[in-house]
There are 2 protein chains.
Amino acid sequence: MFEQLGLIGCGLMGGSFALALKRAGLVKRVVGYSKSPSTTERARQMGVIDVEAPSALLAVSGADIVLLAVPVSATEASFKAIRHLVGPNTLIMDVGSTKRDVVDAARRVLRDHLGCFVPAHPITGKEVSGVEHADADLYFGKQVILTPIERTFTVQLEKAVNVWTALGCNVLKMSPQSHDAAYAAVSHLPHLIAFALINSISGQAQGKDYLSLAGPGFRDFTRIAASDPKMWRDILIANKEELLEQSKIFQNTLQDLEKLIATADGDTLEDRIEKASQTRANWRISSPKSLK
Amino acid sequence: MFEQLGLIGCGLMGGSFALALKRAGLVKRVVGYSKSPSTTERARQMGVIDVEAPSALLAVSGADIVLLAVPVSATEASFKAIRHLVGPNTLIMDVGSTKRDVVDAARRVLRDHLGCFVPAHPITGKEVSGVEHADADLYFGKQVILTPIERTFTVQLEKAVNVWTALGCNVLKMSPQSHDAAYAAVSHLPHLIAFALINSISGQAQGKDYLSLAGPGFRDFTRIAASDPKMWRDILIANKEELLEQSKIFQNTLQDLEKLIATADGDTLEDRIEKASQTRANWRISSPKSLK
């Protein structure tokens, strides 16, 4: 049970965390701060936070748990804003989709308090953003990746595992490097491809007509293209080495398939599609066994 | 009201058409043929067809409406198998995802009966195949593209429009060329990309680990990768000129985005993502207004 959640960023991810923590009876008070005062005000009116803080520092004042739910590019500035009121027992977490850059920022800024920070990436989201879409169920049954480093305090790490587990999450631990490589492949690259495909079609003279003819396959394939531009700009740039490497491997695979199509090599093409089809048909989202 | 549907291919698409036609009271009798006798037998046991035909020709005997629901590469052989029992009043349709190759096959084989053929592409499907997944609702509320040519008989075209409309479809007409260009962009390329992405990840040393970490975005993005390998091998090769052209435009767009990422040009990258995000957020599947 925590006394006070200091919430920096009262959007979809932060707001949902506050609602879930409250519903689980894990926190007495939520003090929230957002860059835009109107967001903070709306969060309070909606009951997502209890108290509006005029600054990130004041949201952290008195907090024993702090969640940074800001675009990854704003992480370093947020650490700087709050570091003077971080105590040795405070648990600080983020929800960023990249981890190496966040860990680097924490190393530069938090210094003696670096051990209080447990980098976290919950594998969830919506293609809409903003506190008005905050949802106490957003994290339930989902995976959360924690990427502690050698200097992370064991007490804070244990608290982090416990709080996400209590929200119904399946907690995995790995290094920031492993995390960023894996999510470049299974998340950042699919987003990049979806953005590129939409612009590739809409940029053609008959693009509007083409889009009007698309069906359910296109709908699901491109759902993630509607994601938040600022957030994804930051993620793609923050993880650019791993992402560009994955994109290269993908384009090589694509170009191999193109050669089979150009030469009408049906047998080999069918083998490749069969491999993809089997892999995908056997794939399932991992989730806590006790929950599903 | 038709006397007899001659169904060539009793799989997902053909079986669903038979069920929908029966439910709408539009046909008295369905005579079905599949290459595999066990499929034909199962279709009869399930009530999808009324009579099993031992050949495509015998399924067409006495039929006033014929549906070819076979892989597009089998279209020409199917036309050859049935042409001797096609009468001047028979309506023949297909459900293939490509239209130029199907029209070319019809021109080569059907000769005097070419006018009986109304090429059709219903924009629907499932990532599972086989008569056991046949569904009377598969076509309801969906688009159907008809691609008549100059020699298509007006009577058959009108019958085709009426039957799909009666099944709850939104009927559009366009040229085979326009159809193939549009679906290369919004369907065939997304499938090709999804196959390539899955193989690109699973081919890496840590591919299995990466896949186990993927979430809901990946699930939706790659759903179409589980599609039927034979069917998609045929489609990708049948429409290769348009598909490879669309893939080139896509890769150029992707590589432009990669450059913005590599140089960390956040402002321009955000503009591009914003454009994609807006386009996708404003996009809706077209459907008959009276039905939705």
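Keep in mind that this is a model prediction, so the values were computed, not measured.

This part is about the sheet that holds strand 5 (residues 91–94) of chain B. Residues and elements named next belong to chain B. Taken together, six strands build an open sheet; the order of strands is 3-2-1-4-5-6 and the sheet is parallel. A single partner strand is all that each edge strand has here, and the edge strands are strand 3 (51–52) and strand 6 (117–118). Bridging between strand 4 (residues 65–68) and strand 5 involves four bridges; their strand directions are parallel. Directly across from Leu 68, in strand 5, lies its bridge partner Asp 94.

Below, the discussion takes up helix 2 (residues 37–45) of chain A. All names here are of chain A. Every buried residue of helix 2 is listed here: Thr 39, Thr 40 and Ala 43. Viewed along the axis of helix 2, the buried residues span an arc of 100°, placing them on a single side of the element. In this structure, helix 2 carries Pro 37 and Gln 45 as exposed residues pointing more than 90 degrees from its buried face. Lining the buried residues of helix 2 we find strand 2 (27–33) and strand 3 (51–52). The positive-phi residue at the C-terminal boundary of helix 2 is Gly 47, with phi of around 80°.

So, on to the interface of chain B and chain A. You'll often see interface size given as the accessible area lost when the parts meet. At the junction of the two partners, chain B supplies 80 residues and chain A supplies 80 residues. Across the chain B/chain A interface, buried area totals approximately 7700 Å², and carbon plus sulfur atoms make up 69% of it. Area buried by chain B at its contact with chain A is led by Leu 213, Phe 221 and Arg 280 of chain B, which between them contribute 10% of it. Of the charged contacts in the structure, one is a salt bridge between Glu 270 of chain B and Lys 230 of chain A, with a shortest N-O distance of 2.9 Å. Where chain B packs against chain A, one counts 38 residue pairs in polar contact (both at pLDDT 80 or more). Top element by residues in the side of chain B that touches chain A is helix 7 (residues 176–202) of chain B. It accounts for 18 residues.

Here the focus is the environment of Gly 266 of chain A. In this fold, Gly 266 of chain A is placed in helix 12 (residues 266–282). Gly 266 of chain A sits in the buried class, given a relative accessible area of 15%. A C-alpha to C-alpha distance of 25 Å links Gly 266 of chain A and Phe 221 of chain A, two positions 45 residues apart in sequence. Beyond its immediate sequence surroundings of up to four residues, Gly 266 of chain A is in contact with Arg 233 and Ile 237 of chain B.

Another point: the domain arrangement of chain A. All names here are of chain A. Domain parsing of chain A yields domain 1 (2–176) and domain 2 (178–282). Centre-to-centre, using C-alpha coordinates, domain 1 lies 31 Å away from domain 2. Taken together, the contact between domain 1 and domain 2 spans 17 residues of the former and 17 residues of the latter. Between the two partners, domain 1 and domain 2, sit one salt bridge. Linking Arg 100 and Asp 180 is a salt bridge whose minimum nitrogen-to-oxygen distance equals 3.6 Å. Seen at the junction of domain 1 and domain 2, the total is nine residue pairs in polar contact (both at pLDDT 80 or more).

As a further point, take the packing of helix 7 of chain B against helix 10 (residues 229–238) of chain B. For any two helices packed against each other, one specifies the inter-axial angle together with the distance between the axes. All names here are of chain B. Orientation of helix 7 relative to helix 10, taken along the N-to-C sense of each, is 120°, at an axis distance of 10 Å. Our classification of the angle between helix 7 and helix 10 gives oblique. Considering how the two elements wind past one another, helix 7 and helix 10 form a crossing that is left-handed. Of the residues in helix 10, those touching helix 7 at Ser 187, His 188, His 191, Leu 192 and Phe 195 are Trp 232, Ile 235 and Leu 236. Classifying every residue of the contact of helix 7 with helix 10 by side-chain character gives five nonpolar, three polar and no charged.

Right, let's talk about the environment of Leu 213 of chain B for a bit. Counting through the fold element by element, Leu 213 of chain B comes out in the loop between helix 8 (207–212) and helix 9 (216–222). For Leu 213 of chain B, a relative accessible area of 6% puts it in the buried group. Setting aside anything within four residues of it in sequence, one finds Leu 213 of chain B in contact with Ile 123, Gln 143, Ile 145, Leu 172, Met 174, Ala 182, Tyr 183 and Val 186 of chain A.

Right, let's talk about the pairing of strand 5 (residues 91–94) of chain A for a bit. Residues and elements named next belong to chain A. Burial along strand 5 is two-sided: Leu 91 and Met 93 and Ile 92 and Asp 94, pointing in opposite directions, are all buried. Regarding the hand of the β-α-β motif, the stretch spanning strand 4 (residues 65–68), helix 4 (residues 75–82) and strand 5 is right-handed. As paired strands, strand 5 and strand 6 (residues 117–118) are joined by two bridges and run parallel to one another. The residue of strand 6 that forms the bridge with Ile 92 is Phe 117. In the classification by handedness, the crossover that spans strand 5, the intervening helix 5 (residues 100–110) and the parallel strand 6 is right-handed.

What counts, and at which threshold
Residues numbered from 1 in each chain as written. Chains lettered and ligands numbered in written order. Predicted model: local features only at pLDDT ≥ 70, side-chain atom pairs only at ≥ 80, totals over all residues. Heavy atoms only, no water. Pairing = 2+ DSSP bridges. Helix = DSSP H or I, 4+ residues; strand = E, 2+ residues; numbered from the N terminus. Buried < 20%, exposed > 50% of the residue type's maximum accessible area, 1.4 Å probe, protein only. Arc of directions from axis to C-beta. Contact = heavy atoms within 4.5 Å. Buried area = accessible area lost by both parts, 1.4 Å probe. Salt bridge = Lys/Arg side-chain N within 4 Å of Asp/Glu carboxyl O. Polar contact = N/O pair within 3.5 Å; in protein donor to acceptor, adjacent residues only side chain to side chain. Domains from an automatic or database assignment. Axes fitted to C-alpha atoms, helices over the stretch in contact; angles between N-to-C directions. Parallel < 35°, antiparallel > 145°, perpendicular 65-115°, else oblique. Left-handed = near helix turned anticlockwise from the far one by under 90°. Nonpolar A, V, L, I, M, F, W, Y, C, P; charged D, E, K, R; others polar. Right-handed = clockwise from strand over helix to strand, strands pointing away.

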